[in-house]
Amino acid sequence: MTSKRKNNSTNGTAVTPEETSSGDFSDTERTRKETERKERESLVLWKRPITTIEYSTKEVFVLLTTYGKRILEHKKIVLLLTISFLLSYLLVKTAGPHQSYIDVLTKKLLWCSYWIGLGILSSVGLGTGLHTFILYLGPHIAAVTLAAYECESLNFPEPPYPDEIICPDERNPLAVSILTIMSKVRLEAMCWGAGTALGELPPYFMARAARLSGIDPDDDDDDLKEFEELKRKQSNKKDLTLIERGKLFVEELVQRVGFLGILGCASIPNPLFDLAGITCGHFLVPFWTFFGATLIGKAVIKMHIQKLFVIIAFNETLIVTALQWLKYVPVVGEKLQVPFKAFLDGQKAKLHKGGAPGGDSGNILGSIFEKFVVAMILYFVVSIVNSFAQSYHKRIHKKKSKVAKD
């Protein structure tokens, strides 16, 4: 007994076999988690393409199965939705005077769904957000603005627009103003903003569930882990980076001010808003307080600010002035001025019936932008595949750990 106590002592302090075993288990657990983390981070398409695609496919199947079962648990809602879908299908397929209204309503719903979907893709994450404002909504607002000033009218077709906007024969320059252009693009802008608000919900529900169930952040989402790490660093603010200080400021503002704090953070272009959903979920902020403030901030206030910025930036007078000043840029100024002017002239020509297409310079700029859009979409798709593969890796190791503990 004496020798056993001696062997388990450190610096003259007796340590029981249980404490030694617990310490060894803790070190082993940390080592295991670190190994799993490194293995999970290696699951990307450019390192392990076959395994990444396999895991990603399995994760999609698991998610579809899991959420499918959850939906089927609510039998009354499923029955109601099924009946509504069948009645809508019959209404659409049945001939009658109502078909003209059905066509208009269908186009509006598809148009709104398109922009809501782009808004969700912009903020939902899945490894990285797709910057759909820069790629889609911003250029759309710019195109409508240029058309309004070139046509001296806003009587071209209402959204959803046809493939090309053609200037109407009637002109009314007094009807074209910043406010009327904002009104012209209000529907798609607000739908996009509502989509970005919906994209903030997954982090909120994830953090709320983790707080209520006591999930270890090391085993859960990486964003939640980052949030917990920031909370640990909060006591020693000297070690914080500028971005971490900003995120903590947003977190403190949301926690102390509540609805108005969330509204203020959501109402401005705020790159630090990514932890707001996690903060609200962690502190169990009521759902409608969080979502209501986020929806009003993003779909109403913030969208009007962004619309105003794009419309002013693409004012014809400002564009002409900017093109004139472009030639004063050293080395590349005059070389850039020609293709940009040709592209702008080509876009204006397309707005008129029988207008000649833009020159080669304009086509080059359009081709470059199209390739940029394709590259961004491919990058987003790759990030989703990587994220799903890493989620499945985390899922199977959680099961193995649970089996080992049992």
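Refer to the structure presented above.
Remember, predicted model here, so these are calculated numbers, not experimental data.

**Things to note about the state of the cysteines**
Following the criterion strictly, the structure yields one disulfide and no others. Paired by a disulfide, Cys-151 and Cys-167 hold their sulfur atoms 1.8 Å apart. Looking down the S-S bond of the Cys-151 and Cys-167 bridge, the torsion is -70°, so its handedness is left-handed. Separated by 16 residues along the polypeptide, Cys-151 in helix H6 (residues 132-151) and Cys-167 in the loop between H6 and helix H7 (178-184) bring together distant segments of the chain. On the basis of relative accessibility, which here comes to 0%, the residue Cys-151 falls in the buried class. The class for Cys-167 is buried, based on a relative accessible area of 8%. Of all cysteine sulfurs in the structure, the one in Cys-191 sits closest to Cys-112, which takes part in no disulfide; the separation is 3.5 Å. Under the relative-accessibility criterion, Cys-112 is labelled buried at 17%. With a relative accessible area of 11%, Cys-191 lands in the buried category.

**What to know about the packing of aromatic side chains**
To describe a pair of aromatic rings, you give the distance between the ring centres and the angle between the ring planes. Under the criterion given, the structure shown has twelve aromatic pairs. On the numbers, 6.2 Å between centres and 55° between planes, the contact of Tyr-204 with Phe-287 is tilted. Of this pair, Tyr-204 sits in helix H9 (residues 201-213) while Phe-287 sits in helix H14 (residues 287-313); the two residues are 83 residues apart in sequence, bridging distant segments of the chain. Under the relative-accessibility criterion, Phe-287 is labelled partly exposed at 25%. With a centroid separation of 5.6 Å and an interplanar angle of 10°, the aromatic rings of Phe-287 and Phe-291 are classed as stacked. Within this pair, Phe-287 and its partner Phe-291 are both found in helix H14, separated by four residues, close to a single helical turn.

Rules of the game
- Residues numbered from 1 in each chain as written.
- Predicted model: local features only at pLDDT ≥ 70, side-chain atom pairs only at ≥ 80, totals over all residues.
- Heavy atoms only, no water.
- Disulfide = S-S within 2.5 Å.
- Helix = DSSP H or I, 4+ residues; strand = E, 2+ residues; numbered from the N terminus.
- Buried < 20%, exposed > 50% of the residue type's maximum accessible area, 1.4 Å probe, protein only.
- Phe/Tyr/Trp six-rings, centres within 6.5 Å; stacked < 30°, edge-to-face > 60°.

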